[in-house]
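Single-letter residue listing:
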Amino acid sequence: MDKKGAILLISGPSGSGKSSLCKELFNNIESIYFSISTTTREIREGEVDGKHYYFVSKESFLEDIEDDKFLEWAEVHGNLYGTSKKSVLEALESGKLVVFDIDVQGFINISKQFGKYLTSVFITTPSKETLKKRLHNRGTDNKDTIDRRVKHALEEMKFVGRYDYLLINDNFEKSSRDLISIARSAMLKTSTYDIEDFSKRWDF
Ligand code: 5GP
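Everything numeric in this text was worked out from a predicted model, so none of it was measured. All residue numbers refer to position in the chain's written sequence, counted from 1. Totals for whole chains, interfaces and linings use all residues, but because this is a predicted model, local features are given only for residues with pLDDT of at least 70 and pairs of side-chain atoms are given and counted only at 80 or more. The side-chain quantities take in all heavy atoms of the structure and omit both hydrogens and water.

## Here's the deal with the environment of S84
Note the threshold: Runs of H or I in DSSP of at least four residues are treated as helices and runs of E of at least two as strands, each being numbered from the N terminus. Only protein chains enter the accessibility calculation, which uses a 1.4 Å probe. A residue is then buried if its area is under 20% of the maximum for its type, exposed if over 50%, and partly exposed in between. Contact between two residues is taken to exist if any of their heavy atoms lie within 4.5 Å; hydrogens are not considered.
Along the chain, S84 turns up in strand 6 (residues 79-84). The exposure class assigned to S84 is buried, which follows from its relative accessible area of 18%. Considered as a pair, S84 and D64 are 20 residues apart in the sequence and their alpha carbons are 9.2 Å apart. When residues no more than four places from it in sequence are discounted, the contact partners of S84 are I36, T38, K69, F70 and L71.

Quick look at the structure:
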C-alpha cells in the first residue's frame, strides 16, 4: 500500500546535542530526508555549503521569499533561515521521513501548515548551567555569543509544552535510542497511510 511521508520536527538550543542526535537518526532510519535550510549567516569552520545549509546572501534570500520558495522562514540570532518548499514536498510525497531542525518560530509555522503530518520534539540539556558549560567547552563561540544563545534558549523553552516530546539529553546513548523510537512511531501514524485506498481494499 502507498504510504505518505511524515515530518519529524526537532527544535532545541545549540549545545543541546541536537546535531549529533540527528546524525544518529540518519544512520538508523531508512527513507529519511534531512531538510537543508537556506541561511544568510556566515559559514562556520567545518561546515559545507549544500550539506549543512545553503549559504546565500541576504539579497538572494529576499528574492527567494518573493518567489515563494520557502515553506517558512524566520530571523534567528540576527540571520535569516528558511525551509525550502520543493524538496520537502517531494520527499513527503515519496513516503520519506522528513526531518527539520528549526527554531520555535518555524515550529509554530509548520504546525499550522502540516499539523497532520507532524511529530515534534524539543531537545535540551537538564539545566541552563549545563547548556552554558557545553557551549563553553565546544569552544566555537565567545562569551557574548554564548550569553546570547542561552538567553535565546530561555525564550524558546517557554514553548516546550507545545511539543509532542521532550528529550532531556543527559545521556547521549539513551537520548539517541529515544529519538529513534520517536522517529519510528512518526512513520507509523495513521496520517501516513492512504485511508481511502485502505478502505477500498477492506470494503468499509
Ligand atoms: P545555527 O546557526 O546554530 O545553525 O542555527 C540557529 C538556529 O536556527 C537553530 O535553532 C536552528 O534550529 C534554527 N534554524 C535552522 N534552519 C532553520 C529554518 O529553516 N527555519 C527556522 N525557522 N529556523 C531554522
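## Thoughts on the packing of helix 1 (residues 18-28) against helix 7 (residues 172-186)
Rules: In this analysis, axes come from line fits to C-alpha atoms, helices being fitted only over the stretch in contact, and the angle between any two N-to-C directions falls in the range 0 to 180 degrees. Put simply, angles under 35 degrees are roughly parallel, angles over 145 are roughly antiparallel, angles from 65 to 115 are roughly perpendicular, and the rest are oblique. A clockwise turn of the near helix away from the far one marks a right-handed crossing, whereas an anticlockwise turn of less than a right angle marks a left-handed crossing.
Running from N to C, helix 1 and helix 7 point in directions that differ by 55°, and their axes come no closer than 9 Å. By the angle class used here, helix 1 and helix 7 are oblique. Judged by the sense of rotation from one axis to the other, the crossing of helix 1 with helix 7 is right-handed. On helix 7, the residues that touch S20, L21, E24, L25 and N28 of helix 1 are F172, S175, S176, L179, I180, A183 and R184.

## Here we look at the pairing of strand 1 (residues 6-11)
So the rule is basically this: Pairing between strands requires that DSSP locate at least two bridges from one strand to the other.
In terms of burial, strand 1 is largely enclosed, as six of its six residues are buried. With five bridges joining them, strand 1 and strand 7 (residues 97-101) adopt parallel strand pairing. Note that in strand 7 the partner of L9 across the bridge is F100. As paired elements, strand 1 and strand 8 (residues 118-124) share five bridges and run parallel to each other. In the strand pairing of strand 8, I7 is matched with L118.

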